[in-house]
Structure formats: structure tokens, C-alpha cells
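So you can see what is in the structure, the chains are spelled out below.
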Protein chains: 4
Amino acid sequence: MSIRVGIVGISGFGGGEALRLIAGHPSFDLVYAAGESSAGSRLVDRFPGVPQSLAGLEIERWDPEALPDLDLLFASLPTGASAEALARVPESVKIVDIGGDHRDAEGWTYGLADVWPEQIRGESRIANPGCFPVATLTALAPLLAGGLIAPSNIVVDAKTGISGAGRGGDSRFGYAESNENLQPYGLLEHVHMPEMARTIARLGGAPAEGLVFTPHLVPMTRGLLVTIYARGSASTEQCLEAARRYYAERPFVRVTERPPQTKWASGSNLAFVSYAADPERNLVIAMGVVDNLGKGAAGHAVQNANLICGLPETAGLEGAPVWP
Amino acid sequence: MSIRVGIVGISGFGGGEALRLIAGHPSFDLVYAAGESSAGSRLVDRFPGVPQSLAGLEIERWDPEALPDLDLLFASLPTGASAEALARVPESVKIVDIGGDHRDAEGWTYGLADVWPEQIRGESRIANPGCFPVATLTALAPLLAGGLIAPSNIVVDAKTGISGAGRGGDSRFGYAESNENLQPYGLLEHVHMPEMARTIARLGGAPAEGLVFTPHLVPMTRGLLVTIYARGSASTEQCLEAARRYYAERPFVRVTERPPQTKWASGSNLAFVSYAADPERNLVIAMGVVDNLGKGAAGHAVQNANLICGLPETAGLEGAPVWP
Amino acid sequence: MSIRVGIVGISGFGGGEALRLIAGHPSFDLVYAAGESSAGSRLVDRFPGVPQSLAGLEIERWDPEALPDLDLLFASLPTGASAEALARVPESVKIVDIGGDHRDAEGWTYGLADVWPEQIRGESRIANPGCFPVATLTALAPLLAGGLIAPSNIVVDAKTGISGAGRGGDSRFGYAESNENLQPYGLLEHVHMPEMARTIARLGGAPAEGLVFTPHLVPMTRGLLVTIYARGSASTEQCLEAARRYYAERPFVRVTERPPQTKWASGSNLAFVSYAADPERNLVIAMGVVDNLGKGAAGHAVQNANLICGLPETAGLEGAPVWP
Amino acid sequence: MSIRVGIVGISGFGGGEALRLIAGHPSFDLVYAAGESSAGSRLVDRFPGVPQSLAGLEIERWDPEALPDLDLLFASLPTGASAEALARVPESVKIVDIGGDHRDAEGWTYGLADVWPEQIRGESRIANPGCFPVATLTALAPLLAGGLIAPSNIVVDAKTGISGAGRGGDSRFGYAESNENLQPYGLLEHVHMPEMARTIARLGGAPAEGLVFTPHLVPMTRGLLVTIYARGSASTEQCLEAARRYYAERPFVRVTERPPQTKWASGSNLAFVSYAADPERNLVIAMGVVDNLGKGAAGHAVQNANLICGLPETAGLEGAPVWP
């Protein structure tokens, strides 16, 4: 079965990773690519190593009303740029929105695929979770679902590679200024907070009061780690065991005894979670690692697409991480 | 068809990349892994993201006389460590030696797969080319074969990522000392020189007199670029056209007009070649880019294995490069 | 006035930075250098850019009973290696121990120079604080001293460049494995905890109960950031103002409104502190940035040496940070 | 003696390094800073670690006809932006132009300070050499002056850190795209060629025919290495000895037997040169290392300023390189 697929936002990092995954997908056939800065060039001009079967595909200027015959569209547009445009895509086209505009939108399903796969199957409009929320929620879900931690007063200290800041010209993200530099930003005000709080509350059955989220830019291209401090009296082993049970049948989440490192997930759709707890202090530390462009963006999007297209969930996502 | 495969040298970078590629190969079934520093542990202990079907495979201490039933063995051992040991592997086991001990050895075929695939098919003992030679020879082959440059007085200025120095504990390759550092080494004496000279002579029909080779360590994990200065009166376009013809039917070599960048090949088995010539100065600059662990080691080894196993040459090697 | 200075542990990163600072110090005259791995070579063999006046100084094997006539010794030895040996150094030689063996030792003064300079002047045995504690304590001191936060239940999420792991051969700290990797380690058990807890209690006037400390290795050579979550009802402006007053006369601590970045301190002895508070949530986030080899090690040691030698505190430490 | 100094182009990397060096200079007093993107802010807003005595200096919009009373101006403007403007600076103000507009201009002296210091003293308009030429010419000068190599058919394979591409917004120089990437560029057409050819001819007494120059961008912030292939029959030892003699009285050039690494010069005004020759092949390999922002830009500019101001040549430039 061949599914006719399009990508809009091909010039960005999320779009580029979607291209790589779609090119290697057994059921997806890329027939449409659109992008702002690269419109008019061929895929091979932008991606010199793209498979030769796709090399000549011309990148078009994005127009939701002039799409070719498509079954599925991946949208990887800057936040704010997709809400109006995606509304004009024909209903018959399934959409996975990697961007941030539909995570709390009417008519869209929040695609936290490792946690709620059954709620995604059968839908046709999926909002991919943000990269920080997906690492946080994947680590917390087993603890919240099992009542091992309280949903309130959670502190999320998050660290992401610089591709998470998106492509574009700000010299703050230039090599010379970002290299050998570690930068906290957006304290007490990050855009991902509501998504995180909403979902923690949904998982934990009570409001995520007092949630704290502090992102940091780390001098690496890919990779995302959250170190989460929560209150609960479970032991390390109880947390690990809860996670092992919770994810027993899920193909992409690995529960490890060692603290996970970002490189473990690089280039893959895997998420790693681990825990260290001190019941005497009523403390649980949860850790989550993803590739911000994989499970944090394009990999997760392909997983969601597999679910809504009735394909095996792991189709096109079986590649092991790149090491070293 | 399932081919029973083993890897020896799994702890190193070449062995790790072989594992990743074999895990994703449609016809290879990994049944044996051996390594010095990791013997006794399971694959998942070393490679936390390895596919779950391989996670429990125990890493054994390498003993060429105590192999399980194997069809194919990838050897990724330090130079000097494989000659004697591989001689004790049963004849029925095909071998691709990623290490450097058999590149000029009796009974072994030099596996420069993009150039001489027909000489590899049907063989059972393949010596994989070194990472520097493969980039150099892939760039030069069309020019030498077409008589566009002389085989003498070629200058190869080579730059490799630090994984090319191998895994191991030398603090010179430690992060703090290698980062933000660019290091030339092995001037006028590099171990890859004879392999390069021998093959240039074979391709060019005359001795590679006056060959100069200068390697440099670049602060990046993967990637290899050679910038080659040769004498010849061809134009840039003539060089490009010669390469396009030479590699027209070859799946892994891309001829580009732009100077290639190492990231174009990252994680893939691709080689990129390009040329800039100035006939007035009798000068041809040839450039070659590979991932030193891909086409420069494990990717090339899988390509050679495909050839000697009668499989499609691209089996398991179709993954597009990782970007960014 | 010329002060005769020695360094033991010259081969390591802390020792190397001490050498750089001492070479540029107006009153210090380096007359002795000792190191394990480099004994027998000259300084210029190890440090090709060392000033020519020091180039020929021979590195000796460390013997505390065979020192030349010295006024001051900087010791930068691995933890555990200095306690016994430094006891054998003549009393007349002032010592600043950059290593970790004397931070709670009888007869030694804990040299948190930006906080307690007066307690350091006049002493002759100074234990330099650890790199993580110094960033943490410098950020917290004004809040603890002013009663703006409680000393209990503080969470310190710390991130350091890889030079913090010391020089040496572990392949975990090799370039290829550390680059593009972010690694949490030592959860709930880090060696710096007692030093931190002890000093927080001293500053805050009550035990540092429930202190949590999580270090992470960041792929950069130098730089250290702590992001600290504490309980208190002060506003951001109150915290900033408390710190401005606390450090008004101190030359090396900068209080900034923007969250500090590690590159701001690179190569210098500066510490940057900033705060973001949410009184409604009873939350104070404190941040501290240092160069782990500067204020976190050798720079701080020179500052302590200036204090005990009766020199201007900033002597030899006025260099602005290196940017970019 | 206090010399009143200004910097124009303070926002860029060269301007920032000039600021750092001037701030630590014993005779320079910074009284004027101008910059395009930072006009209106104070120095401390741009450079959080700037010495407190300079923190409040306001960055002005550059206007050559509205300068304060200055003795000396450092200009670090993009190529093309300084020719017209600097002509309007009063004659009484000495100028060192770090930019590229005056290297072959009437009324300006080419400031290759380590080679021709005597020609610089007493002048008042100095054109700082480009970063690639300075490394190349410093390595070649002793060989050309001594007739050990021919000035023709020289091949310069050059590698620079990414700060060499300047500050600014091109996403090609963004972290995510530059990291783990090695990029050749400007083949057979680089802007530095005429400067290099002109000076090689001047040093060698004959035209630099057939000069080849290939720059590469290396994923590091600072550092520059040239690997030069020339024709000559001298031995390695003869080349080293020629360089030792040539630079015997020069404070900033170090002749080493080992191939120099870029980190050796980091943050300093040093240049390292070394040689490897094979008389049988009529081959001389010359290597030169500088910090592209130090000797390749701002350090060299301060050295030139010292010379034209009658100061000790090393004033403010004695800082040892930063390691690691």
C-alpha cells in the first residue's frame, strides 16, 4: 500500500528530519514538498544526500488550496503560521501538525503516542506534542498514573540541543556564540508550560499547581534531557517497575537503571526514562531523554501518522540510534 | 533469506556502526558479537538503543576457533590484531575485514566497492579500504581512469573527525583537549600511504610518485574530507562529466558541483566527489567526502558483504544522511 | 615584591590554568612545577605557548620533602592524593589546595573568597571550594544571609563542561563519546554534597535539610551553570537587590538581570548570579555561572593566594572573559 | 602614558577581541566604542564581563566626523565599509584597520608585524593583514627570504574556525548546521589571494605564480591552521633552523618541531610555525597556526598599534594561551 504524502516546512530542521524518515518509510510515497526559503529548488539542492528517487522533486511555495492529490500532510511550520493555513487543507487529507498551533485546538487530537495510542488511531487531525513536553510527560506518565508522585510542585529542568531553537538567522544561535556556551532562557514564562500543565493534570487527575519549567540551550545539535524533581514516597525500584509495566507493550520507550544520556536516542524515535528516588526526603527524580528532532518532532509525527493510517506503529522508525 | 552474521570488535566505533547497520539489514541476522572491553555484558548494556530483538545477545570474548555457525563475519579490530586470528576462522565463513591487516594480503580482495564491484562479487575474503584511501580514491578514480590527471605528484590534504582515531583512552582524544583544536599529524609517514599509492598506480597505470598525504584531526565526531591537488589540463566541467559517467550506474557516489561538506554524508554510506580545475595552471582540485564510520568503515563493509553474499548492493544501506 | 611560587599537579587542567594565571601575575614568580605524567619534560613541552621566561623550567616529580625555597604552593591533585602529602610541606610555605581533601579539615580555612574574604586574610592553609559549590554558594549567599530563602529543600541542578571531569583517559570523556551528548551522573550521591550542605547551613543559620544536587556533563570544555530551586517569598527584584548589596564591594561577582550564560565567564575569575522569583508560588530560582577552571578552580585559588599574601585581591585576575 | 583609544565595529568578533585586549593594555584607555547593531547600549550590555571601569561606556553610532579626542582608532568593519569612512577620520588619529580595505592602498602600510616591524614604526595608517595571509606568510617568510623554496606553485590548504566567517545571521554559520560539519569554500577565487600573492612575491623576489589557496570552515570557534605545500630541496632541519634564526628576536613567533595545533595559540597573539620536508621529493610542507581573532585580527592590531605608538611591542599581549 502506498500512501501519498506531503511535507510543508521542508526547509526547517523538523521538516528535514521528516523528509529523512519518510524517504525510508515502507508505505509512504513523498509527492509534495513545500517550503518558504527553498521554494523553486529541487530536493537535492537542499538535501544533497536525498535518495535519488526523490532528488528531482521540486519544492513548491506553500498553498493549502493548491495541493496535489494527497493522503497525508506533515506540517512543520513556525508557531502561529499553521492554524489558519491548515484549516484550508481538504478534509480528506490527514494531517500531523508538528508545529505548536493545535495542541489545545478543537477538532485536533493531542498525539502523545506512547501514552495514548488508542486515542490517536482513527483520527485525522493530530497535533504533535512539543519536544519539551514529550520528554517530560513520557517520564512522568507512569508515576502520575500510578499515583507515585503528586501532580503539584513539579520542577522540570530541561536542556535541549540548539536545533530546538529552529533554523534561521539569529546570531545568538550562530556557531561562534553558541559553542562552548550554556544558556538558560524563558524563565517562568516558557511557551510550553500550558501544554505541560494541562497534560500533567490529565495524567495525574489533579491540577499541576506550582509547575516550574526552566529550559536551557546546550551546545549540541540534537538531543533533549529533562531532569524532573517531584514529591512522592516511592523508591527508585518502585518507580522503575511502574514505568516498566506502563511501557511494557510500547515499542519506543526504554526504561533504564542508569541515568539516560542524550546520545542514546540520537537519530531515533526512542525515549529513555529513568528514576532516582529518596523516600526519606519524599523526593523522586525522573529523567527523560529524546532526540528533539526524533521523538521530539518528526519521529513522533511519523509514529502518529502510522497510527492514523492503520499501519504498524513502528513502520519506518526501526532505525537504531547513531553512535557515536 | 537469512544470513547468520557475527561482529568481532563490537566495542569500537567501527563495530558499533556495523551493529547499527546490521540491525537494520533485511537479510542479516546477528547471532554473534565479540569484543575485548565489553565481553560478558549484553548488547543492550553497551548500546542502550539497540533493537529489542538483539538486546539480550551476550558479548563474547573473541575466539576464532569457538565461533557459532556463521555465514559472515565482520572484523573490526585494531591494525595488527586481525591477521593471525582471522586465519583461524573456518573457510566457510565469509569475512569482511574492516581493519587494516589484509589490504595487500594474499588471498584477500581489496574491497573498493564503488570502483571495482565486479572483482568483489564471488569472493569470500574482503579487505575493506581505509577511510582516508576510500575518500581519496573515490574522488580520483574517474580522473585517473580517464587520463585527466597524472598519477604522480598528487597532494592529499585530509581531514577526519576524531572517531577516526579509534576508541580508547588517550587524553589527546579527550573532549577537553580535542574540542576547539585542529591537529595535523603523521606528516610524511602516515600508515595509509602505501595503500593509497598502490591503488592510485593501479587506477592510473603508472607509479604514484611523489604522493604526499597529510592527515588532520578535526573537532567533530564523524566525517572525512580530502582536498586533493593534482596536475592535469582538464576543465572543471570535464572532471565533473568524467565522474558522472564513471559513477553513472553506481548507487552510492554523488557528483556535485558545489564543494561537498562532511555533514552531507553523515550516517550514510554515500561518498560525495567534486572538482575545481584551472587548466591554465595545469591544476585539478578533487574533493571527496565520506562518513569515516560509514563509507569509510562499516557502511562500506556492509556494501562489500552484500556483494559477496549475492544480495542487492544497497541492501540495508538506503538510509539518508542525518541532517542537521 | 616577588613571591616564589610552586605548582604541583601541573599536568591537569586545574594546574594548567594555574600556570597561565601565575605566568601573568605581577607578584608571583614560578620557580617550581611538579606533575606525575609530565615529570622530566620542560614546561614548553607541555604548554607550547608558555611565556619564554618559563619555557625551560623542568617539571619535577612531586616530593613534598624536596621542595626548593618556596613562599607559596598551589596544589592541584586528585581527591585523596593531597592530604598526606601536603602535611609534609614545611609550615613556612603557604598552601592553596585546589583539590578536595581539606575542605573540612582541621587547620585549614575554607576559601570561599567572594563571601568571606576577611576570614582568609592572614591564614596560610586554604582549601579552595569545589567548582559546583562555589557557583551554588555564590548565588545563594545573599539570599541565605538575608533570610530570603529557607536553607532546606533546595534543589541544585548543575551543569559543567567536561574539563570538570579532569584529565585522563576514560573513553567516556573522549571526544567522540562526549560530543553531542549530555550526561546526568552521580544522582543522590555526589561527592560535593557535604561541602554544599555544610556551607548552606553556615550561611543560612539552619541545617540544609533535603538538599538535592544533580550534576550533568555538558559537551563543552569549560563553563559551569547551576540552576537552583528554593523556597521563599521574595520577588525577583528583591533577590537582585539583595545580591547587589551583598556583593557591592566585591570585585568578581556580577549580578545580572538576564539569566547568565557560561560563556560570559570563560577564561576569567568572574561569577555571575541572577534570580527569577514567583512570590505567589513561594519560588525563587537562583542561577550561578563560573568558569569551572577559573572561579571554579585556579582563578579562585589565585584570589585566595592574593588574600593570604596581602596582595590586592584582583592581582593577576583582571583579564576580561574570552568571547566568543 | 595614557593613549586615548577608540574601536569602531565593536559588535563583531574582531571588535570584541580588540575590546578585551585594550581593556587589559597598560597604556591604552578606551574612550570611544562604535557599532552598528549595538549603538545605544552600554558596553556591559553587550559584554557582561567587561571590566567595571568600562561597563558604562555607551556604544555610539559610527560617525568618522564626530569622534571624541582620540589618539588611536581600531577599525573592525566589514570589507568594503571602511575605505570611504576612514578617509574622513582626522589625520591626527592613528588608525589600525583590521578590515580588508587598505591592504594595498596608497598611504597605508601593510602591517605584517612579525616580519617587517621596522617598516611599521613611525607610520600612522596601518592595514592589518588578513587572517589567512598572516598564518601563511609567517610560515613562509623564513623559507622565501632564505631561498629555501620557490615562490611559485605554492599550495595553501587553509582551515579556520567559524568566527572567521564573521558575526551575522547566515544560517549556514548557525550552530546546528556548522557543528559536525567541515566545509571547503571559495575554491580558486578567495578574496585573500591577491594579498597573499603580492606578499609572497615581495618576500621571495619573484612572482607567486600558480598560487593555490583553498579555505575550509572547521567546526570550532577560534583557530586557524594553514598546511602549505611548496617546492624546495631543503631538509626539515634546515627549514626549522632558518625559521629559528629569522624569528630569533621576534617575541610572538614560535618555531616547533611538532606539527602545531590550533589550541596552542588560542586567546593569544602567538603564531606557531613548523616544517616537514622531503628533499628527495623536492617537497617542503610548512605549517602555520594562529588564533584567527588574535594574531589573525585583534592581537596583531594591538601589536601594530604598539609599534606605531612607540610602545613595547608586547604591551598588553603577554597573556598565555588558554588551555584547555
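Heads up: the structure comes first, above all this text.
Now for a description of the structure that goes with this document.

### Some details on the overall build of chain A
Phase 1: Each helix and strand counted, chain A has nine helices and 14 strands in total.
Phase 2: Rg of the C-alpha trace for chain A: 19 Å, near the compact-globule value of 20 Å for 324 residues, within the 12% margin.
Phase 3: By principal-axis analysis of the C-alpha atoms, chain A measures approximately 60 × 45 × 35 Å.
Phase 4: Every one of the 324 residues in chain A was classed for burial, and the buried ones make up 67%.
Phase 5: For chain A, long-range pairs separated by at least 24 residues make up 71% of all intrachain contacts whose partners lie at least 6 apart in sequence.

### Structural notes on the interface of chain D and chain C
Phase 1: The interface is formed by 33 residues belonging to chain D together with 33 residues belonging to chain C.
Phase 2: Overall, the association of chain D and chain C removes approximately 2,500 Å² of surface from exposure, summing both partners, and the carbon and sulfur fraction of that is 58%.
Phase 3: The largest contributions to the chain D side of the interface with chain C come from D:Pro48, D:Trp323 and D:Pro324, which together make up 25% of the buried area.
Phase 4: Our enumeration of links across chain D and chain C arrives at zero salt bridges.
Phase 5: Linking chain D with chain C are 12 residue pairs in polar contact (both at pLDDT 80 or more).

### What about the sheet that holds strand β1 (residues 3–8) of chain B?
Residues and elements named next belong to chain B.
Phase 1: Pairing is parallel in the open sheet, where six strands are placed in the order β2-β1-β3-β4-β6-β5. The two strands at the open ends of the sheet, each matched to only one other strand, are β2 (28–34) and β5 (109–110).
Phase 2: Taken together, the three bridges between strand β4 (residues 94–97) and strand β6 (residues 125–127) define a ladder with parallel strand orientation. Note on β6: the bridge partner recorded for Asp-97 is Ala-127.

### Let's talk about the pairing of strand β3 (residues 72–75) of chain C
Residue and element names in this part refer to chain C.
Phase 1: Here β3 shows two buried faces, one formed by Leu-72 and Phe-74 and the other by Leu-73 and Ala-75.
Phase 2: Pairing analysis gives four bridges linking β3 to strand β4 (residues 94–97), with the strands arranged parallel. By the bridge assignment, Leu-72 is partnered in β4 with Lys-94.

### Here's the deal with the nonpolar core
Phase 1: Core analysis: the biggest nonpolar cluster contains 113 residues, and A:Phe28, A:Leu72, A:Phe74, C:Phe28, C:Leu72 and C:Phe74 have the highest contact counts within it.
Phase 2: Among all residues touching A:Leu72, those that are not within four sequence positions of it are A:Ile3, A:Arg4, A:Val5, A:Gly6, A:Phe28, A:Val93, A:Lys94, A:Val96, A:Ala305, A:Ile308 and A:Cys309.
Phase 3: B:Val50, B:Leu72, D:Leu72 and D:Val218 belong to the second-largest nonpolar core, a separate cluster that totals 112 residues.

### Overview of helix α8 (residues 236–246) of chain C
Residues and elements named next belong to chain C.
Phase 1: Among all positions of α8, only Cys-239, Leu-240, Ala-242 and Ala-243 are buried. All buried residues of α8 fall inside an arc of 160° around its axis, so they share one side.
Phase 2: Looking at the buried positions of α8, the neighbouring elements they touch are α5 (131–145), β11 (253–255), β12 (271–278) and β13 (283–290).

### With respect to the relation of the copies chain D and chain C
Phase 1: The two copies are related by a screw motion: chain D maps onto chain C through a turn of 180° and a shift of 0.0 Å along the axis, at an RMSD of 0.0 Å. What the superposition gives is, in effect, a two-fold axis relating one chain to the other.
Phase 2: Of the residues that chain D buries at the interface, 100% are likewise interface residues in chain C, meaning the two copies contact each other through the same surface.

### Focus: the relation of the copies chain C and chain A
Phase 1: For the pair chain C and chain A, the superposition axis carries a translation of 0.0 Å, the fit reaches an RMSD of 0.0 Å, and the rotation angle comes to 180°.
Phase 2: Take the interface residues of chain C: 100% of them recur as interface residues in chain A, which is what a same-surface contact looks like.

### Let's talk about the interface of chain C and chain A
Phase 1: On the side of chain A, 44 residues touch chain C, which itself brings 44 residues to the contact.
Phase 2: Summing both sides of the interface, chain C and chain A together bury roughly 3,700 Å²; the carbon and sulfur share of this comes to 61%.
Phase 3: If you sort the residues of chain C by the area they bury against chain A, C:Glu180, C:Leu182 and C:Leu188 come out on top, with a joint share of 18%.
Phase 4: Scanning the region where chain C abuts chain A turns up two salt bridges.
Phase 5: Between A:Lys159 and C:Asp157 there is a salt bridge; the shortest N-O distance is 2.9 Å.
Phase 6: Those elements that place two or more of their residues in the side of chain C that touches chain A are β7 (155–161), α6 (175–178), β8 (183–184), β9 (212–218), β10 (224–231), β12 and β13 of chain C.
Phase 7: Here the residues of the side of chain C that touches chain A are counted per class, giving 24 nonpolar, 11 polar and nine charged.

Conventions we followed
- Counting from 1, residues in each chain are numbered in the order their sequence is written.
- As they are written, the chains are lettered A onward and the ligands numbered 1 onward, keeping that order.
- In keeping with the predicted nature of the model, local features appear solely for residues at pLDDT of at least 70, side-chain atom pairs appear and are counted solely at 80 or more, and the whole-chain, interface and lining totals rest on all residues.
- Side-chain figures throughout are based on the complete set of non-hydrogen atoms in the structure, without hydrogens or water.
- Secondary structure counts use DSSP, requiring at least four H or I residues in a row for a helix and at least two E residues in a row for a strand, with both numbered from the N terminus.
- Here the globule rule reads 2.2 Å times residues to the power 0.38, and the radius of gyration is calculated from C-alpha atoms.
- Partly exposed describes any residue whose relative accessible area lies between the buried limit of under 20% and the exposed limit of over 50%, with all areas from a 1.4 Å probe on protein chains only and scaled to the type maximum.
- Pairs of residues are marked as contacts when any of their non-hydrogen atoms sit within 4.5 Å.
- Buried area is a sum: the accessible area each of two parts loses on coming together, probed at 1.4 Å, counted once for each and added.
- Here, a salt bridge means any Lys or Arg side-chain nitrogen found within 4 Å of an Asp or Glu carboxyl oxygen.
- Any pair of N or O atoms that falls within 3.5 Å is considered a polar contact. Within protein, one atom must be able to donate a hydrogen and the other to accept it, and sequence-neighbouring residues count only if both atoms are side-chain atoms.
- Strands were regarded as paired on the criterion that DSSP finds at least two bridges between them.
- Residues belong to a common nonpolar core when they are buried Ala, Val, Leu, Ile, Met, Phe, Trp, Tyr or Cys residues joined through side-chain atoms within 4.5 Å.
- The arc refers to the directions leading from the helix axis to the C-beta atoms.
- Copies are brought into register by a least-squares superposition over C-alpha atoms of residues with pLDDT of at least 70 in both.
- In this classification, the charged set is Asp, Glu, Lys and Arg, the nonpolar set is Ala, Val, Leu, Ile, Met, Phe, Trp, Tyr, Cys and Pro, and all remaining amino acids, among them Gly, are polar.

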